[in-house]
Amino acid sequence: MVKRKIGGILLAGGIAIPAWLIGKAFPIIGSPVLGILFGMILAFWNRPTHFNEGIQFTSKKILQYAIILLGFEMNLFNIFSVGKQTILLMVFTLSAAFITAFFAGKLLKLDGNTKTLIGVGSAICGGSAIAATAPVIHAKDEEIARSISTIFLFNVIAAFLFPALGHLFGMSDHTFGLWAGTAVNDTSSVVAAGYAFSDTAGNLSVIVKLTRTLAIVPITLVLAVITSKKNAGENANYSIAKIFPWFVLGFLGASILNTFLPIPSNATHFLAQAGKFMIVMAMAAIGLNTNIIKLVKNGAKPILLGFLCWLSVSVVSLAVQYLLHI
C-alpha cells in the first residue's frame, strides 16, 4: 500500500523543495503558487502511471494533515486581543465576500466549486482556506489551481497597492492595520502590506489576519452540511459522517493545544512550518494533475470574480470602520 504511494509523494516533495526555497526568498509570490506552477509545468511530462496513486494521496490526504499542523500557529487569545468590534468588522467582510462570490459567480456562470473556493479564499485566508475547503466540497484539481492562481494575482497587487493607498488617504496605523488584516488574503501579502505602511500597522494586521484564519472551522463545517445534503439527494445512504471534515477539528484541536499547553515555541513553529511545506507538496501534486493550457483558456471569469470579491471586501472593511468608528 505504502509502496504504491511513495513514488508520487516523493515526486511532489521534490517539486515542493525548490518552490519552498524560492517562496521564502520572494515571499510576495508565495511557495504554494510556485508549487502549483512547477507541478503544471511537469504535467506535460508523460510520467509512469505508478506515480499517480501517490500524487492523488498527496493532493488529498497530505493536504488535510497540513491543515491540522497549521493550527499550531494559532493562539486563541489573539481573538480576544483584537476586541469585539474587530470581530464584527470581520463578520461584515466575510459576508461581503461570500455574497459577492455567490451572486457574481452566478452572473458569470462559473461552476459552484470555483466560486466557492474563490469566495472562501477572498474572505478568509487565501490559499490556506482554499486548501481546507477543497476536500470538503470535492473540488477538482483544476478548480483548485484556478482559484489559487486568482487569489495569488490579487495578493500581489494588494501588497503593492494597499500601502500607497493608505498613505494617499492619510490612514492611521490602526485603520490601515485593520484594513490590511481584513482585505488582503494571504499571510505573506498581509505582512508585506502591513509592515510597508508601519510596524504598528503590520503587527495589528497580522493579528487580525490570524484571527480570520479561525473562520476556516465554521465555514468548512457549514459547507460539509451543504455538500452532504446535496449528495443525500443523489444517494439515500449518504451521511454527514462520510463528508464531515474531521481534519478541521484537528486544526481546532491543535489551536487549543497551542493556546493552553506550555509547548515550546520552537516546537510549534516547526509543526506549523511543516504544515506549510506539506501544503506546497499538495499544491505541487494538484499542479501535476492540471492542464495549464485549459487553465489559461478558462481564466478570465475566475479573475473577474476574484476582483469583485477583493473589491467588495476592501470597500466594506473601510466603510464599516468609518460607520462604526472602529
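Residues numbered from 1 in each chain as written. Predicted model: local features only at pLDDT ≥ 70, side-chain atom pairs only at ≥ 80, totals over all residues. Heavy atoms only, no water.

From N to C terminus, the protein chain includes 16 helices and 0 strands. In summary, the protein chain has a C-alpha radius of gyration of 19 Å against a globular reference of 20 Å for 326 residues, a match within 12%. In terms of its C-alpha atoms, the protein chain occupies a principal-axis envelope of roughly 60 × 50 × 40 Å. Here the protein chain holds 326 residues, and the buried ones make up 52% of them. Excluding contacts between residues fewer than 6 apart, the proportion of contacts in the protein chain whose partners are at least 24 apart in sequence is 81%. Carbon together with sulfur atoms contributes 71% to the accessible area of the protein chain, which is approximately 14,700 Å² in total. Charge centroids of the protein chain, computed over 22 positive and 10 negative side chains, lie 8 Å from each other. (Helix = DSSP H or I, 4+ residues; strand = E, 2+ residues; numbered from the N terminus. Rg over C-alpha atoms; globule rule 2.2 N^0.38 Å. Buried < 20%, exposed > 50% of the residue type's maximum accessible area, 1.4 Å probe, protein only. Contact = heavy atoms within 4.5 Å. Areas by Shrake-Rupley, 256 points an atom, 1.4 Å probe, with all protein chains shown as cover. Lys, Arg positive; Asp, Glu negative; His and termini not counted. Charge placed at Lys NZ, Arg CZ, Asp CG, Glu CD.)

On to the packing of aromatic side chains, then. Enumeration over the complete set of coordinates arrives at 11 aromatic pairs. Ring centres 5.7 Å apart and planes at 80 degrees place the aromatic pair Trp20 and Phe277 in the edge-to-face group. Residue Trp20 is found in helix H1 (residues 2-25), and its partner Phe277 is found in helix H14 (residues 265-288); the two are separated by 257 residues along the sequence. Note on Trp20: relative accessible area 17%, which makes it buried. The exposure class assigned to Phe277 is partly exposed, which follows from its relative accessible area of 22%. (Phe/Tyr/Trp six-rings, centres within 6.5 Å; stacked < 30°, edge-to-face > 60°.)

On to unusual backbone geometry, then. Phi angles above zero are rare outside glycine, and Lys109 is one such case at about 60 degrees. With respect to the element layout, Lys109 can be found in the loop between helix H4 (77-107) and helix H5 (112-125). Take Lys109: its relative accessible area is 71%, and that puts it in the exposed class. One non-glycine residue with positive phi stands out, namely His138, at about 60 degrees. Topologically, His138 is positioned in the loop between helix H6 (127-137) and helix H7 (141-168).

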